[in-house]
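Spelled out from the first residue to the last, the chains are:
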Amino acid sequence: MSFEALKPQVENIISNTKKTVDERLLNICELLESHIAHYNWVGFYFSNKQKEVLHLGPYVGAPTDHTVIPFGKGICGQVALSNENFVVPDVAAQDNYIACSITVKSEIVVPIFVNGENIGQIDIDSNTRDPFTTADERFLEFVTKQVAQLLSKN
Ligand code: SME
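Read on for a plain summary of the structure. (Residues numbered from 1 in each chain as written. Predicted model: local features only at pLDDT ≥ 70, side-chain atom pairs only at ≥ 80, totals over all residues. Heavy atoms only, no water.)

## A word on the packing of helix α1 (residues 3-14) against helix α2 (residues 21-35)
At a closest axis distance of 9 Å, the pairing of α1 and α2 adopts a crossing angle of 160°. Considering their axes alone, α1 and α2 lie roughly antiparallel with respect to each other. Helix-helix and strand crossings are classified by hand; for α1 and α2 the assignment is right-handed. On α2, the residues that touch L6, Q9, V10, I13 and I14 of α1 are R24, N27, I28, L31, L32 and H35. A breakdown of the residues in the contact of α1 with α2 according to their chemical character gives seven nonpolar, three polar and one charged. (Axes fitted to C-alpha atoms, helices over the stretch in contact; angles between N-to-C directions. Helix = DSSP H or I, 4+ residues; strand = E, 2+ residues; numbered from the N terminus. Parallel < 35°, antiparallel > 145°, perpendicular 65-115°, else oblique. Left-handed = near helix turned anticlockwise from the far one by under 90°. Contact = heavy atoms within 4.5 Å. Nonpolar A, V, L, I, M, F, W, Y, C, P; charged D, E, K, R; others polar.)

Following this line, the structure appears as structure tokens:
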């Protein structure tokens, strides 16, 4: 399914007040993982700024041991500090990378900003090498803005 076709579905999930925030975030993960062929693990990490760690939130895909990631460690930990998208075409070429599964070939992480503050991120792993384009970045920025709206109301 195209990114454009998925956007209204993302909006529908976000606006479903019958569900908790975590249920809605999980539904977003399920939507993306099931409709985008190169998204094989989709999850959220959220920052604890005092402890300088990320905590795993709702996700879909293989269970991971990396439920707590220090700022600066791995792709996710780097995005917690850089406040910028991080597209990794080939995880084997990264020195500062935390492997969750041997099947993963590439990764994209996009930060979530609430009132200008980087409060967490969406993390996608792919079993395909170099699958991500600027279209993925624009789509995931749309998703993270929707998630930011949801979180800012709670
Ligand atoms: N690969 C990530 C760790 C999280 S897993 O992909 C679920 C990283 O290097 O930060």
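There is more to say after this.
## As for the site of the ligand
With respect to spatial proximity, the complete set of residues near the ligand consists of W41, Y45, I69, G74, I75, C76, Y97, I98, C100, E107, D123 and D125. In this structure, an oxygen atom belonging to the ligand sits 2.9 Å away from a main-chain N or O atom of I75. One of the side-chain nitrogen or oxygen atoms of D123 is found 3.4 Å away from an oxygen atom of the ligand. For the ligand, whose accessible area on its own is 300 Å², the fraction buried by protein is 100%. Placement of the ligand is best described as lying within the largest cavity. Going through the elements one at a time, β1 (41-48), α3 (74-82) and β6 (117-126) are the ones with two or more residues in the shell around the ligand. Take the shell around the ligand: its biggest share by element is three residues, from α3. (Near = heavy atom within 4 Å. Polar contact = N/O pair within 3.5 Å; in protein donor to acceptor, adjacent residues only side chain to side chain. Areas by Shrake-Rupley, 256 points an atom, 1.4 Å probe, with all protein chains shown as cover. 1 Å grid on protein atoms, 1.4 Å probe; cavity = no way out; pocket = protein on both sides within 12 Å on 5 of 7 lines; lining within 4 Å. Sits in = over half its atoms within 2 Å of the grid points.)

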